[in-house]
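Spelled out, the chains give:
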Amino acid sequence: MNDRLIFQIPYLEKGKQILPTVPNEISSIEINIPDNLKRKKAPELPQISEPQLIRHYNKLSKKNFGVDTGFYPLGSCTMKYNPKINEEISRLENFVNIHPYQDEEDIQGALQLMYELDVLLCEITGMDKFTLQPSAGAHGELTGLFIIDAYHREKGNKRKNIIIPDSAHGTNPASVTMAGYNAVAVDSDENGKVDLKKLNELLDKETAGLMLTNPNTLGFFDENILKISKMVHDVGGLVYYDGANLNAIMTISKPRDMGFDIVHLNLHKTFSTPHGGGGPGSGPIGVTKELSKFLLIPTVELNNKGRYYLNYDKKDSIGKVKAFYGNFNVLIKAYSYILSLGAKGLKRASQLAVLNANYLKKHLSKYYHIPYPEICMHEFVISAIWQKEKGIRALDIAKRLMDFGFHPPTIYFPLIINEAIMIEPTETENKETLDMFIKAMIQIAKESDKNPEILKSAPHKTQIKRLDEAKAARDLILKYEYK
Amino acid sequence: MDYTPHSNKEIKEMLSFLGIKFLKDLYNNIPDKIKQKKELKLPEPLSEIELLGRLKFISKKNISTDNRISFLGAGNYDHFIPSVVNYIISKPEFYTAYTPYQSELSQGILQSMFEYQTMMCELTGMDISNISLYDGATSVAEAANMAISINKKKKILISETIHPEYRQVLKTYMKPRKIEVFEIPMKEGITDKGQIKENLIDESSCLIIPQPNFFGNLEPIDEIFPILSGSNTLAIACVNPLSLALLKPPADFGADIVVGDGQILGNPQSFGGPSFGFLTCKKKYLRKTPGRIVGQTVDSAGNIGYVLTLQTREQHIRREKATSNICSNQSLNVLAACVYLSYVGRDGLYEIAELCYRNAHYLFQKLVAIKGINPTFNSKFFNEFVVYIDLDSTELKKILSKKGILGPICLEEWYPSLKKRYLFAVTEKRTKDEMDLLIDTLNKALKVK
Amino acid sequence: MDFPEGLYYSKDHEWGKVEGNIVIVGITDYAQDALGDIVFLELPPVGTDVEANVPFGTIESVKSVSDVYSPVTGKITEVNDAVTDAPEIINQDPYGEGWMVKIEMNNPDEIKDLISTEEYQKSTEE
């Protein structure tokens, strides 16, 4: 059934009362805006009653699927459970209603939380100092690349190239371009890891750095990482850690020990802050002592009198990447999460994320092509090439999974795998859920033989059936047109 | 406390299915040299009771603006948020969802984003809208990037009257690519038009003008944007979305791109984040826009539905040639804005803007009547204004905080020539009594002097 | 999959049909099938100089972007506006209504550098 747009709900003639009645001395003040600048026609916004509004959005919420609805094995996104206590804490009045330009004396709690989160993230990653300003992973990447730029400029030559594996997230090459570098792809070897020989050929005096996700986007820990970082360091480049997959190795291995100079974390993945239907996230950047002078301003510091303060006095800082200090509300949740779990809890989270992934992978290996069979980390990639021979694509499998009450995995990524289906169960799913998912995947594999039509026309049980994305891109209806 | 649901028995079963004895064996391929030997030095795990206690304790070291009378603004504001906003954005189907790649399971978010795009186009008068950037500052930087990619020119003109942190962000973004950021000086609190003419060259990619500007002043954009006509330089307006209830949409003055910060629309101050940045523009620039865009389509049964569209602009497809690297954005904050705008509605938005204006002007008039307080600029303003107060900032802060008053913001740090100039923001939440207390307090303080 | 005779093919999946010193250029049936639903096409204006094996336009499906390469060096004399307006025509009729541009060749001999129907068909089967 089509749901009305909010604009199609009949408008009230006059808006509801929102504001208090104000004294005459105020209400009598004339609105004196120069005629040239004055709005003549009010913007067409909805005008509906509160009950109607609630029903409208309530109806919409029912057409959406979140982690709280069901299993959400979206590879590379770490859709783990979002603890409710963290939501409650993040809404404490004295966290919500604080202004970024209040006196430092009045915001000691906020500064303490940021300072301590910085310390916790340093301990987890082995880095020396973090900035919490970037709003998302990609924003962190950009910040890290700006630091690489500043580092090389100080040495007298910006250099030209950033090397990225061909299996990398799209944000990596896009960030590289925004930072004024060329993205140079290094091929993966037959095990899905960085091809050392090819890497060696690409490294030279123009190599500014290398960006690497480890475990990588295929779900494998690159055991050559020490060699790789040494090779990059030997030509004077820096090594950047894309923290999208840290969830597999928390407390087990520190990026700093692998030789990384700059690290970004995705608090909305690894540290359980909810993804909000596409954000807000948070992408803090951690660096070595040598690079910390380039960090964004302000950093949060603690003085010898036990007071926290914002430090703007950093002449080598690359500046700012957003107004104020970061997505503070997200930082609160990540901080609470780390305090809840402690070292033991983080370790257990990582181990069980890896256990869940391997359990699924082995079960599915009989029914789907597994490009790389070895033990994986927290996620793995299967390929629908066996099904493709029968005309079934990864997309069809994804859509059919919806009928079983599951959110589909990531599809068509990484690009180096044909008909890729990338599955990340996370640690917060139990064996029962995994077994149900396995059952569904087996049934789908069988359907691709016996009843391919049911896959091609899936989903069947959702409120809306398969949507025509080509039509959307051709017709381009991007807003409601008032009659 | 952790959130793993596994029983020991299940773990054993799963391990034995894999032919592995211990959990640690899952990590056999990580070289010993880089394996963590000792347990991390993190605090002992806390129970929910302890956690809440500890975080409440920390939070109480902050002073909530709700326990004070706040006149703080400068890009982050204490506006009213209707209770419906939190109710809706707390729905788990919304806040625990990922980016709506799988549209059949994401119609709720997608439809509300489509509604949001419509509302932002209505407010700004532009043809199309994306579904958010990180904040106002990054929306300025992304708009500048967009202009550079449209006209391939390498100089950005930006008014000195825009938020100083926005300019700082723009410079950080542009420095590695050696793109010149030229700040157009101000004259009496607004952009100096003569300086635009003087500095407008062939290489100028865009001109970025705030409305209202950092001081609350209304910029004569009706005279500024026409200066660009006949050039290839793009006109970018960075606007306060609430002010657009009273002000002509930037489209009417020929704006090519309109950006700004959306915190004002239903999002709390939250120490400056998360907020969201919006971006609307002319249709001809559609394929150059950064970020997600939602389009309407139909399903196989002919029902209307919504999908992310024009994804070929984005990083996950176009990679190094993408219009931007943005992936996660600020969707939940956009949903808050969408609910906010739907709730206050056409009349309500106007009334709120009107009351902000009136409150600010009431306070301004009373303040400048006090001896020792003078207007700084002669411009029309919306809900922020600057006055000279014959007190230094430490003194002023001390006097006001005794009465529970927060703000104003001292401008000297950002604009060294503006000594003892103070920026006040007045929202619809401020009452006459609260403003009178401020007036009275300053009156007394300056009389003693 | 259709591989018509009498056309020249490039390894980048363009076809060319020679009429005097003009080549009509489009993408092959194989290419349109691999791309899926084509939703957008960007072609340069008439009069643009193009170079052999260098991209002159882009073609987009819902989830991919590809360059369109010029098979020859020369100047664009005509652009098929019908396909830029309705790019699905390329999916429906890649060798007919779905042609993209006409190019006036600088050196008609260059066409011999392209491959035959048979060779092209073979290359797609590899």
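Residues numbered from 1 in each chain as written. Chains lettered and ligands numbered in written order. Predicted model: local features only at pLDDT ≥ 70, side-chain atom pairs only at ≥ 80, totals over all residues. Heavy atoms only, no water.

1. Brief notes about the sheet that holds strand β10 (residues 380-383) of chain A
Where strands meet in a sheet, backbone hydrogen bonds hold them as pairs that are either parallel or antiparallel.
All names here are of chain A.
Argument step 1. What the three strands build is an open sheet, ordered β10-β12-β11; its pairing is antiparallel. Whereas interior strands pair on both sides, the edge strands pair on one side only; in this sheet they are β10 and β11 (410-411).
Argument step 2. Taken together, the two bridges between β11 and strand β12 (residues 420-423) define a ladder with antiparallel strand orientation. Of the residues in β12, the one forming a bridge with isoleucine 411 is isoleucine 421. (Pairing = 2+ DSSP bridges. Helix = DSSP H or I, 4+ residues; strand = E, 2+ residues; numbered from the N terminus.)

2. Structural notes on the pattern of salt bridges
Argument step 1. All chains considered together, the criterion is met by 59 salt bridges over all chains.
Argument step 2. With a closest N to O distance of 3.3 Å, glutamate 88 of chain C and arginine 474 of chain A form a salt bridge. Of this pair, glutamate 88 of chain C sits in helix α3 (residues 88-92) while arginine 474 of chain A sits in helix α15 (residues 469-475), each in a different chain.
Argument step 3. Judged by its relative accessible area of 24%, glutamate 88 of chain C is partly exposed. (Salt bridge = Lys/Arg side-chain N within 4 Å of Asp/Glu carboxyl O. Buried < 20%, exposed > 50% of the residue type's maximum accessible area, 1.4 Å probe, protein only.)

3. Structural notes on the packing of helix α2 (residues 50-62) of chain A against helix α5 (residues 107-124) of chain B
Argument step 1. Put simply, α2 of chain A and α5 of chain B touch, their axes get as near as 6 Å, and they point 135° apart. Between α2 of chain A and α5 of chain B, the angle falls in the class oblique. Counting all contacts with α2 of chain A, which are made through His56, Tyr57 and Leu60 of chain A, the residues of α5 of chain B involved are Gly108, Gln111, Ser112, Glu115 and Met119 of chain B.
Argument step 2. Among the residues forming the contact of α2 of chain A with α5 of chain B, the class breakdown is three nonpolar, four polar and one charged. (Axes fitted to C-alpha atoms, helices over the stretch in contact; angles between N-to-C directions. Parallel < 35°, antiparallel > 145°, perpendicular 65-115°, else oblique. Contact = heavy atoms within 4.5 Å. Nonpolar A, V, L, I, M, F, W, Y, C, P; charged D, E, K, R; others polar.)

4. Things to note about the pairing of strand β3 (residues 182-186) of chain A
Across a regular strand the side chains alternate sides, sitting on one face of the sheet and then on the other.
All names here are of chain A.
Argument step 1. Examined bridge by bridge, strand β2 (residues 161-165) and β3 share five bridges and lie parallel to one another. From the neighbouring strand, proline 165 faces β3, where its bridge partner is valine 186.
Argument step 2. In this fold, β2 hands off to helix α7 (residues 171-178), which returns the chain to β3; that crossover is right-handed. (Right-handed = clockwise from strand over helix to strand, strands pointing away.)

5. Quick notes on the sheet that holds strand β3 (residues 155-159) of chain B
Residue and element names in this part refer to chain B.
Argument step 1. Within the open sheet, the seven strands sit side by side as β2-β10-β9-β8-β7-β3-β4. Their pairing is mixed. Looking at the sheet topology across the chains shown, the edges are occupied by β2 (128-129) and β4 (180-184).
Argument step 2. In terms of strand pairing, strand β8 (residues 234-239) meets strand β9 (residues 257-261) through three bridges, oriented parallel. Note on β9: the bridge partner recorded for isoleucine 236 is isoleucine 257.
Argument step 3. Its contacts with the sheet place α5 against β2, β9 and β10 (277-281), and it is angled at close to 70° to β10.

6. Overview of the side chain of aspartate 299 of chain B
Argument step 1. With respect to the helices and strands, the residue aspartate 299 of chain B is situated in the loop between β11 (294-298) and β12 (304-308).
Argument step 2. The side chain of aspartate 299 of chain B sits in the buried core without any salt bridge; lysine 465 of chain A is the nearest counter-charge, 6.0 Å away.
Argument step 3. Apart from residues no more than four positions distant in its own chain, aspartate 299 of chain B is found in contact with Ile464, Lys465, Arg466 and Leu467 of chain A. (Lys, Arg positive; Asp, Glu negative; His and termini not counted.)

7. What to know about the domain arrangement of chain A
Argument step 1. What the domain assignment lists for chain A is domain 1 (6-62), domain 2 (85-339) and domain 3 (350-470).
Argument step 2. Measuring from the centre of the C-alpha atoms in domain 1 of chain A to the corresponding centre in domain 3 of chain A gives 47 Å. (Domains from an automatic or database assignment.)

8. Things to note about the packing of aromatic side chains
Argument step 1. All chains considered together, the criterion is met by 35 aromatic pairs over all chains.
Argument step 2. When the centroid spacing of 5.8 Å and the interplanar angle of 45° are considered together, the rings of tyrosine 81 of chain A and tyrosine 3 of chain B count as tilted. In this pair, tyrosine 81 of chain A is assigned in the loop between α2 and α3 (84-90) and tyrosine 3 of chain B in the segment before α1 (8-18), connecting two distinct chains.
Argument step 3. With relative accessibility at 27%, the residue tyrosine 81 of chain A sits in the partly exposed group.
Argument step 4. Aromatic ring contacts, followed pair by pair, group Tyr101 and Phe324 of chain A together with Phe214, Phe215, Phe377, Trp414 and Tyr415 of chain B into a single cluster.
Argument step 5. Looking at lysine 155 of chain B, its charged tip hangs above the ring of phenylalanine 182 of chain B, at a distance of 4.9 Å from the centre.
Argument step 6. The ring of phenylalanine 40 of chain C is capped by arginine 287 of chain B, whose NZ or CZ atom sits 3.2 Å from the centre of that ring. (Phe/Tyr/Trp six-rings, centres within 6.5 Å; stacked < 30°, edge-to-face > 60°. Lys NZ or Arg CZ within 6 Å of the ring centre and 35° of its normal.)

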